[in-house]
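Tertiary structure, described
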Amino acid sequence: MTRLSMVGPSELSDDQQELWDGLTASRGSGLDITDADGHLMGPFNAWLHVPKIGRRLSSLGAHLRFKTSIDRRLGEVAICTVGAHWHAEFEFFAHAPMALEHGVDPSVIEALRAGEVPAFDRDDEQIVYEVARQLLNDRRVTDATYSSAESMLGEAGMVELVALIGYYCLISMMLNLFEVPLPEGEEPIWP
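Residues numbered from 1 in each chain as written. Predicted model: local features only at pLDDT ≥ 70, side-chain atom pairs only at ≥ 80, totals over all residues. Heavy atoms only, no water.

Further remarks concern the packing of helix H4 (residues 72-86) against helix H8 (residues 143-177). Packing of H4 against H8 leaves a shortest axis separation of 9 Å and a crossing angle of 35 degrees. The handedness of the crossing between H4 and H8 is right-handed. On H8, the residues touching Leu74, Gly75, Ala78, Ile79, Val82, Gly83 and Trp86 of H4 are Met152, Leu161, Leu164, Ile165, Tyr168, Cys169, Ser172, Met173 and Asn176. Classifying every residue of the contact of H4 with H8 gives twelve nonpolar, four polar and no charged. (Axes fitted to C-alpha atoms, helices over the stretch in contact; angles between N-to-C directions. Helix = DSSP H or I, 4+ residues; strand = E, 2+ residues; numbered from the N terminus. Left-handed = near helix turned anticlockwise from the far one by under 90°. Contact = heavy atoms within 4.5 Å. Nonpolar A, V, L, I, M, F, W, Y, C, P; charged D, E, K, R; others polar.)

Here's what the structure looks like:
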C-alpha cells in the first residue's frame, strides 16, 4: 500500500486534470498506468499531489527518453541499472520489458535483477552501465570510463546520460519513499 493518498479521477482539480490528461494521452500504448480503480500507478499519483512539479517531471522524462542523442537501448540499460541499484520495484517492472523490446539481451536484465555484474556482448552497453554503476556506487567515474563514454557519446551525450541517470534516481527515490506498489498480481523482486 502506498503511503500517499490515491487521487481518483473524480477528485481532480483543473491543474491535476491537465496533468492526468497529458500523462494518459502520452502513454496511450504500452504500459497501462492506471489501476483497476482508475488511479494512476507508478510515480504518477505522487505527481498529482503537486501538478506543477508533475508536469515538469513528465516533460523532462519524455525528453530524456525520446529526444536525446542516446540510443533508446542504451538509455534503458542506464534506467534499469538505476532501478536495480535502488531496488525500485515499479521502475524495474516498467523498464525491463522496454529494455528487452529495444534489444538489450535478457541475460543483462537478469543479472541486474540478481544484483550481479552483467556480461555484456555489446561494448556500448558495458560503457553506459559502467558510467551509471560508478556514479551510483562511487559517486565518481574513473578517467578511463569517462574517456570511453565521452568518445562514444560526445560531450552533449554525457550531459544527457548523467541527466537520465539523475532523473531516474529521483523517480526511484520517489517510488521507494512512497512505497508505490506493483500492479495487482505482480510479485516483487527484492525483499
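More follows now that the structure is in view.
Here the focus is the nonpolar core. Judged by nonpolar contacts, the single largest core of 54 residues is most densely connected at Trp47, Phe92, Leu161 and Ile165. Residue assignment for this core shows that the elements contributing at least two residues are helix H1 (14-26), helix H2 (44-49), helix H3 (51-66), H4, helix H5 (89-101), helix H6 (106-114), helix H7 (123-138) and H8. Setting aside chain neighbours within four positions, we find Phe92 in contact with Cys80, Gly83, Ala84, Pro97, Ile109, Leu112, Arg113, Ile189 and Trp190. (Core = buried A, V, L, I, M, F, W, Y, C linked by side-chain atoms within 4.5 Å. Buried < 20%, exposed > 50% of the residue type's maximum accessible area, 1.4 Å probe, protein only.)

Turning our eyes to something else, we now look at the packing of aromatic side chains. Counted under the stated rule, the structure contains five aromatic pairs. Ring plane angle 75 degrees and centroid distance 5.4 Å describe the contact between Phe92 and Trp190, whose orientation is recorded as edge-to-face. Of this pair, Phe92 sits in helix H5 while Trp190 sits in the segment after H8; the two residues are 98 residues apart in sequence, bridging distant segments of the chain. Trp190 matches Phe92 in its accessibility class, with the two residues each being buried. (Phe/Tyr/Trp six-rings, centres within 6.5 Å; stacked < 30°, edge-to-face > 60°.)

Turning next to the pattern of salt bridges. Across all of its chains, the model carries eight salt bridges by this definition. Arg3 is the partner of Glu179 in a salt bridge, and the nearest nitrogen-oxygen pair spans 3.0 Å. With a gap of 176 residues between them, Glu179 in the segment after H8 and Arg3 in the segment before H1 connect regions that are remote in the sequence. In this structure Glu179 comes out as partly exposed when scored by relative accessible area, which is 40%. (Salt bridge = Lys/Arg side-chain N within 4 Å of Asp/Glu carboxyl O.)

At a minimum axis distance of 9 Å, the contact between H4 and H7 shows a crossing angle of 30 degrees. Considering how the two elements wind past one another, H4 and H7 form a crossing that is right-handed. Contacts from Arg73, Leu74, Val77, Ala78, Thr81, Val82, His85 and Trp86 of H4 reach H7 at Asp124, Glu125, Val128, Tyr129, Ala132, Arg133, Leu136 and Asn137.

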